[in-house]
Every structure is written in structure tokens, then in C-alpha cells.
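Topology and contacts: notes
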Amino acid sequence: MPERSVEPWLRRHAGGVGFEVAAVETDRAQLVWADLPEGAHTLRAGRRALVLETAGGPGSFELTDLAPGSRTEVRLEVGEQTLRRVVHTLLAPPGPSRFRFATISDLHLGRGDRQYRGPLAHRGVDEPPEGVPVDDAGVPARQLINARAAVDEALAWGAEHLVVKGDVTEETTAGTWDQAASLLGELPVPASVLAGNHDTGGLAEFDPFVGAAERGLRLTRGVDHVDVPGLRIVLVDSTLPGSGWGAVARHSEAAATLAAEAGSGVFVATHHHPQRFSVPVFWPHGIPGPDARRFAGAVVAANRRVLASSGHTHRNRRRSVAGMPWTEVAATNHFPGVWAGYEVHDGGIRQVVRRIAAPEVLEWSHRSRHAFGGAWALWSTGSMADRCFSLTWS
Ligand SMILES: [Fe+2]
Ligand SMILES: [Fe+2]
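In this text, all values refer to a predicted model and were calculated from it rather than measured experimentally.

1. Considerations on the sheet that holds strand β7 (residues 81–88)
- Spatially, β4-β3-β6-β7 is the arrangement adopted by the four strands of the open sheet, whose pairing is antiparallel. The sheet is open, and its two edges are formed by β4 (48–54) and β7, each paired on a single side. Each strand of the sheet is rotated relative to its neighbour by a mean of 25 degrees, with strand direction disregarded.
- Pairing analysis gives four bridges linking strand β3 (residues 39–45) to strand β6 (residues 71–78), with the strands arranged antiparallel.

2. Let's talk about the side chain of Thr 173
- Examined against the element boundaries, Thr 173 turns out to sit in the loop between β9 (162–165) and α3 (174–184).
- Residue Thr 173 is classed as buried on the basis of its relative accessible area, which comes to 17%.
- A polar contact of 3.1 Å, which involves the side chain of Thr 173, links it to the backbone nitrogen of Thr 176.

3. With respect to the coordination of the iron ion (ligand 1)
- The protein atoms donating to the iron ion (ligand 1) are Asp 106 (OD), His 108 (NE2), Asp 167 (OD) and His 314 (NE2), with metal-donor distances spanning 2.0 to 2.2 Å.
- One can describe the site at the iron ion (ligand 1) as irregular: its four donor atoms subtend angles covering 89 to 172 degrees at the metal.
- In this model, the iron ion (ligand 1) sits 3.5 Å from the iron ion (ligand 2), the two metals being bridged by Asp 167. Residue Asp 106 is found in the loop between β8 (97–104) and α2 (142–157), and its partner Asp 167 is found in the loop between β9 and α3; the two are separated by 61 residues along the sequence. The residues Asp 106 and Asp 167 share a single accessibility class, namely buried.

4. Some words on the environment of Pro 325
- One can find Pro 325 in strand β16 (residues 324–328).
- Accessibility expressed as a relative area gives 15% for Pro 325, which makes it buried.
- Residues contacting Pro 325, with those up to four places away along its chain left out, are Val 306, Leu 307, Ala 308, Arg 319, Ser 320 and Leu 391.

5. Concerning the coordination of the iron ion (ligand 2)
- All of the protein donors around the iron ion (ligand 2) are Asp 167 (OD), Asn 197 (OD1), His 271 (NE2) and His 312 (ND1); their distances to the metal are 2.1 to 2.3 Å.
- Of note is the iron ion (ligand 2), whose four donor atoms meet at the metal with angles of 87 to 159 degrees in an arrangement that counts as irregular.
- Sequence spacing among the residues donating to the iron ion (ligand 2) works out to D-x29-N-x73-H-x40-H.
- Asp 167 gets classed as buried once you look at its relative accessible area, which sits at 1%.
- Residue His 271 is classed as buried on the basis of its relative accessible area of 0%.

6. What about α2?
- For α2, with 16 residues, the first-to-last C-alpha span of 23 Å sits near the 22 Å given by 1.5 Å per residue.
- Among the 16 residues that make up α2, twelve are buried, leaving the element largely enclosed by the rest of the structure.
- Turning to α2, its buried residues number three or more, namely Arg 142, Gln 143, Leu 144, Ile 145, Asn 146, Ala 147, Ala 149, Ala 150, Val 151, Glu 153, Ala 154 and Trp 157.
- Where α2 is buried, its residues meet β8, β9, α3, β17 (338–345), β18 (348–355) and α7 (359–367).
- With its phi angle positive at about 115 degrees, Gly 158 sits one or two positions after the end of α2.

Conventions adopted
Residue positions within a chain follow its written sequence, with the count starting from 1. All chains are assigned letters beginning with A, and all ligands numbers beginning with 1, in the order in which they are written. Given that the model is predicted, a residue must reach a pLDDT of at least 70 before its local features are reported, and side-chain atom pairs must reach 80 or more before they are shown or counted; all residues, however, enter totals for whole chains, interfaces and linings. Calculation of side-chain values draws on the structure's entire complement of heavy atoms; hydrogens and water are dropped beforehand. Strand pairing is assigned whenever DSSP identifies at least 2 bridges connecting the two strands. The secondary structure listing takes helices from DSSP runs of H or I that are at least 4 residues long and strands from runs of E that are at least 2 residues long, numbered from the N terminus. Interaxial angles span 0 to 180 degrees and are taken between N-to-C directions of axes, which are lines fitted to C-alpha atoms, for helices over the stretch in contact. Only protein chains enter the accessibility calculation, which uses a 1.4 Å probe. A residue is then buried if its area is under 20% of the maximum for its type, exposed if over 50%, and partly exposed in between. Pairs of N or O atoms within 3.5 Å make up the polar contacts considered here, provided that, within protein, one atom can donate a hydrogen while the other can accept it, and that residues adjacent in sequence are counted only when both atoms are side-chain atoms. Coordinating N, O and S atoms are those within 2.8 Å of the metal (3.2 Å for Na, K and Ca), and as water is not part of the atoms, a site may appear to have fewer donors than expected. Every angle between 85 and 135 degrees makes a four-donor site tetrahedral, while opposite donors more than 155 degrees apart, with all other angles between 65 and 115, make a four-donor site square planar and a six-donor site octahedral; other sites are irregular. Here, residues are in contact when the closest pair of their heavy atoms is within 4.5 Å. Multiplying 1.5 Å by the helix residue count minus one yields the expected span of that helix.

All we've got here are geometric facts, nothing functional implied.
Structure representation (C-alpha cells):
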């Protein structure tokens, strides 16, 4: 970790304890802090006063019973300091709510100490959670712990379907796909799984589509779809085996046909993000802009009621590609450590990106925010409008 770091600035900017509104929904907000001293602290939200008992370090609090479309000032009293934040809740999309589902991506199961140094190095634990493998140094499979917590929290939120948007594994090996099977094989809800460039990379020990199938998991080949109440989920494989690049224009016709025949709104899931240009202007490279625009243009021409979402960049963003709203949602495997929830209405869809709140995951994801001298936290978080919004079908 370099000595010259923007992290001190970030900490000052966030009031010393890194207190922030991480997510908003129609009636609630997720409040997260990076480093709150041990003890009891008063949290005031509008006219309510609550006491937060904290053990020190990072943590989170679910502020509930808020009115949709409302503004609430939140004040956290820490010693002599009062930290003020404002919560703006969302209005629900038009029409009744039909369905909830969740997405996770970039689990990178099997990414271990070899890839992390300094503040990001994995640490041993006294008692790893049940079913989590431990390496020779006593270090548990951190990425599996993170992903499992994300899935548990998404299910508790009410997700009735899970979409996994690729980079399930760091590299395709028997061990990493065994972990994937232990995570996704016995869920109480159906799971749709896409491959990412890490799964199909040149170091793969076997064909991940075959290896996943042998473990009871079905990785989407080409284009697939699932119909749920009020929505068609279209799954698009953007990987090119052995390459980091993504490509989706080849799937335009199939995806557009599925969108045209949906009779409802459509959610398009891919692994790779759309680049603005043919050449990448940041790492990692994704789908070249013209390829992405050809795909998006075809889908949106077939059905204007559409939202697309990808992983791969490990950051949160929202933009429009040829008229199609397209979000990028960050990873489970390091800061900010998130999953996304979607509530489907007749007249639109609502996205919320939530930090994984399990204390041991929050502690680790907070530590990993220091990557690249703290610049990673600035880059990956995105704005609230990137993460949490209601989209009305046009
Ligand atoms: Fe990834
Ligand atoms: Fe990726």
C-alpha cells in the first residue's frame, strides 16, 4: 500500500468514521460506516432517536419505515461530532409489484492470497463457517464467504430468482466449480448463471460449461431466457473463450426476438460491460462500443421496456446505450462488496445495489477499499443514481 494515499482525504470527507447512505429503497435505507468507535451512539432520523450499540470498526444499520419519495435528515452523534446525511427514498415504478429477484457477479471463487497483498491479504480465522474450505495456512475461502452472505441477504430481502452475471470463479478448476456448486446447487430459488472471462480464460483446466453441468449448474450458452411474473429475463453469454473481450452483437437477432415476444418488460443480463468506444479507455476492456450499440439498438427497437445490466468492471454505473438503460453492478469479492435487488412492477422496474452487510464481510470489504491508494473506493462506488433508481417503462 503506497504511503501517499487519498484514503485520509476520503476518511476526512466522510466525517472520520466513513458514515454514508449506501442504498435507498422506497421505504428504507442502508446506512454503513467504516470505523465507528466502540460504544453507544445516538442516531436521529427525522423525529426518531435510536441508539446504535457498536463493537467498533465497520458496520451497518437498516433505517426502515420511511415514506416513499421522502427526504429525511439523518444525524449520527459520535462524541462531540454530529455527522449529517440526507436520505431520499425512491418512488415505486407504476403499477402493482409482481416479483423480486437479485443478481450477483464477479464472485471470483478461489481468488486467494496469491492475488492479494498488504491490506488485502486474506487472514486466517479461528473457526471458518461450515462448508467453507480452508487452505494450508488456515485461510478460509474468503470469496465463498462473501458470495454466500450476498445470496443469504438477497434471499432475506425477498428475491425469488438469482441471476449470476459471470466471473463465478477466478479460474476454472475442479476446486472452484465445486465451491460454485456448493453455493448455487441447493438454493431455495432458481438460479440462472452466466460465464465471465475468468471462467472461460486460457488457464481453464476444462470447459466450464461442461464442468458446471457435471455439478448440476447450467451455464447459459448463447442466449437463454426465463419468464417470471411481469418480466422476461434474457441471459446473454458475452464471453469469447480464451479472451478478456466481450461480444454481444452476434446475439442481437436472438435477443431482439425474445424481447419482441416477451409481452412484458425485459431484463437483459450479460457479463461484460459496453465500452463507449472501440478501444478501452480504462481497465478492464469489455464489449467494443459499436458491437454493444448494435446489440442494444436491436433489442430496444424490439421492446422499449428494457433494462440491461452487466458485471465485469467491479464498479457501479448507469448509462444509456443506443437508448437502452444499462447498469454495471460491482462485485461480491471486494469493495464495495454488493448484490443488486430488482423489484418488478407492471409499469417498470426498481434497482437497489446493497452492500453485503454481514459483519465479517463488511470488515473485509472495508479493508479492500484501500486498493490503489484509496482511489478504488472513489472509482468503484458510483453515485446513488447509478445504484438505486426506479425506471418507468417508456
Ligand atoms: Fe470480475
Ligand atoms: Fe470479468
